[in-house]
Structures are given as structure tokens and as C-alpha cells.
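Coordinate inspection notes
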Amino acid sequence: MSIEEAAARRYGAAGAAEGAGLAAVLAGYRRAHPGEGPVELVAALVHGHREVLAARERLVRLAAGAGPEGELRAGAERAGFDPAASFQAWLAGRAAAAPGEEGAERLRERLGRVPGRFAVEAPEPGRWLVLGQGAEEQAVTALLGGGCLAVGLERIGPEAARRSVRDARAAHRLAAGRPGVWRYAELWPLAVTAAAVDRLDPLLAPAVAAARTYPYLAEAVRAFADHGFDPPRAARALRLRPEELERQLHRWRQLTGADVRTLPGLTASRAAVELAAVEPSAVEPSARTPGE
């Protein structure tokens, strides 16, 4: 490879690392090198661009799967990430970008407008998994929002990328496709409960059944928990009279045995309400009740 080809290859790789699409990188190269355009140089640039994209897609697949720690570390290095630095994962739906390579390119270009390094991959149709490093969580979340968006913890350590992806997946399961931003940092008690549903079934099963049978009672529990355990505030959020909300919470206690004014009762009730919103098939096999 000539010096010029090596330079063109580095130019293409740098453009991909910044989130620029191939057409934009080629246009920038031609502006910077007017009159230069031998086939060999263009081919080197394209190779450099595709090499970085392939490495970053592979990094996301490694983080989303299982494998040796050393393989994940090597994948991060090849993708231009620092294996010793922090990682954070986002799992977004169709609202983030259209499916296919064109959607992926547009998503990478949008991510290139905010600070940080990003790797993008579609683990399955209709979902985008984004792995970031040195990124501001709120900026990325605002960019990816608009549908159902799950956010993992920012983690550091040998398995940081993989653990953050697991966080995002756990939050996404709890979201059950509902629009909004679902942060593992806020949902971890429910996620931990969902992961242990087989052992907690005797405690949670009556409340899960009640939440599925009487959705309005589930909404009363959710509003009470989400509005500072203040019945008047919760009632206003539901457009109910406070005494009507009190009757619903009392009925919930009769059906489930869980008193939302106690820590065990509130914990079980809030977890059951969210688990009830998730289809049984969305719970990981290792976390499902035997016989499901």
C-alpha cells in the first residue's frame, strides 16, 4: 500500500469514527484533495470507512452476546474504543431510525453531532442497539427518543459494555413497548424483581393477577407510588376524587393482601403492576415461573 493509499484509508476510518456517511466522507476528501481521485485512493478510503463500521458493529454484537472477556476487550480496541473507559448502552425502537443500512447510516450521522464514540447495530428488526463511550446520557437520550427507549447504566470495568447492554435489555422488557424513556437507574428494583420472579412467585402472583384483571386498580397503585405516596396528588393525576382513590387502594389490599402504605406491600405492589404489563413470553427463560 502506498503512502497516499494509507492516508486515504485513515481518512475514511476517521470519517466513520465521527459518524459521517460514506458519501459525505468521499465528498470531504475530494474537497480537501482537488484533482486527486485515482481508483486506488477511493478504494482505500472506502475500505477504511467500512472497516471501522464493521468493527463497531461487531463490538455491539460481542457486547450483546456471551464470550470471553478478552474477546470483548480486543473488539473494543479494534473499534477505536478504550476498553478501560466507561460504556453505556441504549436500546431504541423504530422511532430512532428506519430499518436497514440507510437507517443505520442516518442514525450514525445524528450521533456524530454529539460528543462521544458510538457503535450502532440492529440486533433484530425494529430495534437499534447503541453503545457509547464518553457520551452525555441526556444528549443521546434526547436524540434517540420519540418511541420506546431503554437506557443502561454507565459502567466501567472489563465487562462494562456487556453489563450496560443487559441493563438496557432489562429496562426494555419492563417497558413492554410503551413509549417513553425507561432508565435502568430508575427501574433496577423492578428489574431485579423480574429476574427473580420464579422465587418471588408466591409473593407476587396474587398482585400480578389482580393488576391484569383490574387495570384501574393497577393504575391507582402506580399513581400512588409515582406521586410521592400522596393520595390527593395521585387522585389529581388520575382525575379522581381522593376518596375514590382511597377506595381503590383498599380494594387492592383486599384482593392481594398488599398494603401500599407499608414498604413490603408497596414494593410487591409496584413490582407486580409492572410485571403485569409485560407479556409472560417477554420474561427471560431463567426468570420465568416453572411451568410457563
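Everything that follows concerns the structure shown earlier in this document.
A short tour of the structure in this document, coming up. (Residues numbered from 1 in each chain as written. Predicted model: local features only at pLDDT ≥ 70, side-chain atom pairs only at ≥ 80, totals over all residues. Heavy atoms only, no water.)

1. A short note on the overall build of the protein
Rule in force here: What counts as a helix is a DSSP run of H or I of at least four residues, what counts as a strand is a run of E of at least two, and both are numbered from the N terminus. The buried label applies to any residue whose accessible area, calculated with a 1.4 Å probe on protein chains only, is under 20% of its type's maximum; exposed applies above 50%, and partly exposed to all values in between. Should any heavy atoms of two residues lie within 4.5 Å, those residues are considered in contact. Computed with a 1.4 Å probe, the accessible areas rest on the Shrake-Rupley method; for each residue, only the protein chains presented here act as cover.
Assigned secondary structure in the protein consists of 13 helices and 5 strands. Seen through its C-alpha atoms, the protein measures out along the principal axes to roughly 80 × 40 × 30 Å. Here the protein holds 292 residues, and the buried ones make up 46% of them. Long-range pairs, those at least 24 residues apart, make up 66% of the contacts in the protein with a sequence separation of at least 6. Accessible surface computed for the protein: about 14,800 Å², of which carbon and sulfur atoms make up 54%.

2. Things to note about the packing of aromatic side chains
For the record, the criterion: Here the aromatic set is Phe, Tyr and Trp, taking the six-membered ring for Trp, and pairing holds for ring centres within 6.5 Å; pairs whose planes are under 30 degrees apart are stacked, those over 60 apart are edge-to-face, and all others are tilted.
If you walk through the whole model with that rule in mind, you get 4 aromatic pairs. When the centroid spacing of 5.2 Å and the interplanar angle of 70° are considered together, the rings of Tyr-11 and Tyr-29 count as edge-to-face. Taken together, the residues Tyr-11 in helix α1 (residues 3-17) and Tyr-29 in helix α2 (residues 22-32) connect sequence positions 18 residues apart.

3. Points about the sheet that holds strand β3 (residues 128-133)
Inclusion rule: Pairs of strands are assigned from DSSP output, requiring at least two bridges between the strands. Throughout, an axis means a line fitted to C-alpha atoms (over the contacting stretch in the case of helices), and angles, computed between N-to-C directions, take values from 0 to 180 degrees.
Strand order in this open sheet of 5 strands is β2-β3-β1-β4-β5, and the pairing throughout is mixed. In this open sheet, the two strands that pair with only one neighbour each are β2 (117-121) and β5 (180-183). Going across the sheet, the axis of each strand differs from the next one's by a mean of 20°, ignoring polarity. Where strand β1 (residues 88-92) lies against β3, 5 bridges are found, and the strand directions are antiparallel. If you follow Trp-90 over to β3, its bridge partner there is Val-130. Packed onto the sheet, helix α3 (residues 39-64) meets β2 and β3 and runs at close to 75° relative to β2. Taken strand by strand, helix α6 (residues 137-144) contacts β1, β2, β3, β4 (148-151) and β5, and its axis lies near 15° from that of β1.

4. Remarks on α1
Short version of the rule: For a helix, the expected span equals 1.5 Å multiplied by the number of residues minus one. Regarding the arc, it is the one traced by the directions from the helix axis to the C-beta atoms.
In this model α1 runs 21 Å from its N-terminal to its C-terminal C-alpha over 15 residues, within 8% of the 21 Å that 1.5 Å per residue would give. Of all the positions in α1, only Glu-5, Ala-8, Gly-12, Gly-15 and Ala-16 are classed as buried. Projected down its long axis, α1 carries its buried residues within an arc of 100°, all on one side. Exposed side chains of α1 directed beyond 90 degrees from the buried face belong to Ile-3 and Arg-10.

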